[in-house]
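# Coordinates in review
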Amino acid sequence: MSYLPKPKLHHPTLPKNALGYTRRDYEGAISTLCAGCGHDSISAAIIQACWELSIEPHRVAKLSGIGCSSKTPDYFLGASHGFNSVHGRMPSVLTGANLANRDLIYLGISGDGDSASIGLGQFAHIMRRGVNMTYIVENNGVYGLTKGQFSATSDKGSKAKRGAVNTDEAIDLVGLAMQLGATFVARSFSGDKAQLVPLIKAALLHEGAAFIDCISPCVAFNNHEGSTKSYDFVREHNEAVNRLDVILGRQPITAEYAPGSVTEVTQHDGSVLRLRKLAPDYDPTDRVAAMNYLQERKAAGEIVTGLLYVDPDPTDLHANMGTVAVPLNRLGDAELCPGSAALARINAALR
Ligand SMILES: Cc1ncc(C[n+]2csc(CCOP(=O)(O)OP(=O)(O)O)c2C)c(N)n1
Ligand code: SF4
Ligand SMILES: [Mg+2]
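Residues numbered from 1 in each chain as written. Chains lettered and ligands numbered in written order. Predicted model: local features only at pLDDT ≥ 70, side-chain atom pairs only at ≥ 80, totals over all residues.

Under an unreviewed UniProt entry, the name given to the protein chain is 2-oxoglutarate ferredoxin oxidoreductase subunit beta, and the source organism is Caldovatus sediminis.

Rendered as structure tokens:
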């Protein structure tokens, strides 16, 4: 972890958002990642998305596991809450934090090793529980921090830097998240900011489990010929199903679109997702069709990106459990602990 602060000088002409903040107010410490690492581009996209949405930094809680990807929350949103947990264990810590204080905006940052290898069980349960969050996997197909071993998302047949061939099947986190019940599922590429920033914005506005698998090349260990997570390979095989614009509730809709080329999805909070269709028959609200389409295109060697599935009317863990509307840290002793008489009544009912 680096704790190097950036100088806090703001040029007076820097553009400001509705809160009067510049992009600099959403930055963190200076990154210590390798120059050209895809993870740094994802951090820049998160900064841009939060600035554009005028999110108050103190309302965000960013949580991560272990890995180069999990180090990145130190490099953005320096004024937000942060917790760097144990390898593969971010989902359970995020779930607990979300249950205790439902008023924060939860941002889970993880790696393919962190989520698909050691943390696969935790990944599965946070998705099926519908925890209200934005969960981003910075997917480079290797354990970058521990020097480039294959991770569980490395494609079968892909080659390591020194030529070893991966003989195991890859886990597709997008397919898994859809099957497990995530209500917003997208895939993007760290090298495509125009696609990634609106996806992050839409995910932050989504009131349920939002998952983004972001392919993020590791320039030190997985950017060579034979890798399927290199800049060149992803650029050549990237097939976007749609392009997204996010329009906040109450904002006038000004963009022009050709009739028949746009799908609109209104999210629970009133925000409108305008999807310019690139694959004409693609319907992002049909989970089963989306899963079939992904399998089909994968067999054809394509990496499908864009907003792949969204349920505009999601439920979340709090709704499913019927919890109180007030964050637990705002409840008093009497509400949190109903006392020995209530406990005695419960015990008596169980005898
Ligand atoms: C319990 C535990 N097991 C193993 C490790 C060693 N370790 C640290 S990071 C890492 C893999 C990180 O890979 P990934 O999540 O893909 O992140 P990246 O560095 O590629 O961004 C491993 C195996 C650890 N820190 N803790
Ligand atoms: S080792 Fe790979 S993942 Fe880690 S900082 Fe360097 S390029 Fe990024
Ligand atoms: Mg990795």
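### Digging into the overall build of the protein chain
What counts here: Each helix corresponds to a stretch of at least 4 residues labelled H or I by DSSP, and each strand to a stretch of at least 2 residues labelled E; elements are numbered beginning at the N terminus. The globule rule is 2.2 Å times the number of residues to the power 0.38, and the radius of gyration it is compared with is taken over C-alpha atoms. Exposure in this text rests on C-beta crowding, where 20 or more other C-beta atoms within 10 Å of a residue's own make it buried, 12 or fewer make it exposed, and counts in between make it partly exposed. The C-beta atoms are placed from the backbone. Here contacts are defined at the residue level, using C-beta atoms placed from the backbone and a cut-off of 7 Å between them.
Looking only at helices and strands, the protein chain features 12 helices and 13 strands. In summary, the protein chain has a C-alpha radius of gyration of 21 Å against a globular reference of 20 Å for 351 residues, a match within 12%. With the C-alpha coordinates aligned to their principal axes, the bounding extent of the protein chain is approximately 70 × 50 × 50 Å. With 351 residues in all, the protein chain has 44% of them scored as buried. Here the contacts in the protein chain between residues at least 6 apart in sequence split such that 72% fall between residues at least 24 apart.

### Side note on the site of ligand 2
Rule in force here: For each residue, a C-beta atom is positioned from the backbone; the residue is called near a molecule or strand if that atom sits within 6 Å of it. When residues are grouped by polarity, Ala, Val, Leu, Ile, Met, Phe, Trp, Tyr, Cys and Pro land in nonpolar, Asp, Glu, Lys and Arg in charged, and all others, Gly among them, in polar.
What surrounds ligand 2 is the set Leu33, Cys34, Cys37, His39, Cys68, Asn140, Gly144, Leu145, Cys218, Val219, Ala220 and Phe221. Residues of the shell around ligand 2, tallied by class, amount to 9 nonpolar, 3 polar and no charged.

### Things to note about helix H9 (residues 287-299)
Put simply, the test is: By this rule, a helix spans an expected 1.5 Å times one less than how many residues it contains.
A rise of 1.5 Å per residue sets the reference length of H9, with its 13 residues, at 18 Å; its end C-alpha atoms lie 19 Å apart and thus fit the reference within 8%. Of the residues trailing H9, Gly301 is marked for its positive phi of about 85 degrees.

### As for the site of ligand 1
Ligand 1 sits among 18 residues. The nearest are Gly67, Ser69, Gly111, Gly113 and Gly144. When residues of the shell around ligand 1 are assigned to their parent elements, the largest contribution, 3 residues, is made by helix H4 (residues 112-117). A breakdown of the residues in the shell around ligand 1 according to their chemical character gives 6 nonpolar, 9 polar and 3 charged.

### Here we look at the sheet that holds strand E12 (residues 272-277)
Condition: In short, DSSP must find at least two bridges between two strands for them to pair. For helices, the fitted line uses only the C-alpha atoms of the stretch in contact; every axis is such a line through C-alpha atoms, and the angle between N-to-C directions lies from 0 to 180 degrees.
Taken in spatial order, the 3 strands of this open sheet run E10-E12-E11, and their pairing is antiparallel. Edge positions in the sheet fall to strand E10 (242-247) and strand E11 (262-266), since each has one partner strand and no second. On average, each strand axis in the sheet is tilted by 20 degrees relative to the strand beside it, whichever way the strands run. Bridge count for E10 against E12 is 6 bridges, and the pairing is antiparallel. Counted as the bridge partner of Val246 is Leu273 from E12. Across the sheet, helix H7 (residues 193-205) lies against E10 and E12, angled at about 50 degrees from E10, the strand it touches most.

### Focus: unusual backbone geometry
Not every positive phi belongs to a glycine, and Ser54 is a case in point at roughly 55 degrees. In this fold, Ser54 is placed in the loop between helix H1 (38-52) and strand E1 (60-64). Here Ser54 falls in the partly exposed class, since 13 other C-beta atoms lie within 10 Å of it. Not every positive phi belongs to a glycine, and Leu77 is a case in point at roughly 45 degrees. Mapping Leu77 onto the fold places it in the loop between helix H2 (68-71) and strand E2 (81-84).

### Topic: the environment of Arg24
Tracing the backbone through its elements, the reader meets Arg24 in the segment before H1. Considered as a pair, Arg24 and Ala194 are 170 residues apart in the sequence and their alpha carbons are 20 Å apart. When near neighbours in sequence (up to four residues on either side) are disregarded, Arg24 contacts His10 and Leu14.

### Observations concerning the pairing of strand E8 (residues 209-215)
Along E8, 7 of the 7 residues are buried, which leaves the element largely enclosed by surrounding structure. Across the two faces of E8 the burial is the same, with Ala209, Phe211, Asp213 and Ile215 and Ala210, Ile212 and Cys214 all buried. As judged from the 7 bridges shared by strand E4 (residues 133-139) and E8, these two strands associate in the parallel manner. Following the sheet pairing, Thr134 is matched in E8 by Ala210. Here strand E7 (residues 184-189) pairs with E8 via 6 bridges, running parallel.

### Some points on the UniProt feature "domain: Thiamine pyrophosphate enzyme TPP-binding" (unreviewed entry) in the protein chain
Our working definition: UniProt positions are given in the numbering used here, feature names are shortened, and annotations may be inferred rather than shown by experiment.
Summarizing the sequence annotation, UniProt attributes the feature "domain: Thiamine pyrophosphate enzyme TPP-binding" (unreviewed entry) to residues 66-214 in the numbering used throughout. Structurally, residues 66-214 comprises 34% helix and 23% strand, and the distance from its first C-alpha atom to its last is 17 Å.

### A few points about the nonpolar core
Convention followed: By convention in this section, buried Ala, Val, Leu, Ile, Met, Phe, Trp, Tyr and Cys residues joined through C-beta atoms within 7 Å make up a nonpolar core.
Grouped together as the largest cluster of nonpolar side chains are 69 residues, with contacts concentrated most on Val185, Leu199, Ile200, Ala203, Phe211, Leu307 and Leu308. Ranked by the residues each element gives to this core, the list is headed by H7, at 8 residues. Leave out the neighbours within four places in its chain, and Phe211 touches Met127, Tyr135, Ala177, Ala182, Phe184 and Val185. Among the nonpolar cores identified, the runner-up in size contains 8 residues, and Cys37, Val142, Tyr143 and Phe221 belong to it.

### Observations regarding the sheet that holds E8
The strand order across the open sheet formed by 8 strands is E2-E1-E3-E4-E8-E7-E13-E9, and the pairing between neighbours is mixed. One side of each edge strand has no neighbouring strand; the edge strands of this open sheet are E2 and strand E9 (238-240). The mean angle between the axes of side-by-side strands here comes to 20 degrees, regardless of whether they run parallel or antiparallel. The strands touched by H9 within the sheet are E9 and strand E13 (303-310), with E13 carrying the most contacts at an inclination of about 175 degrees.

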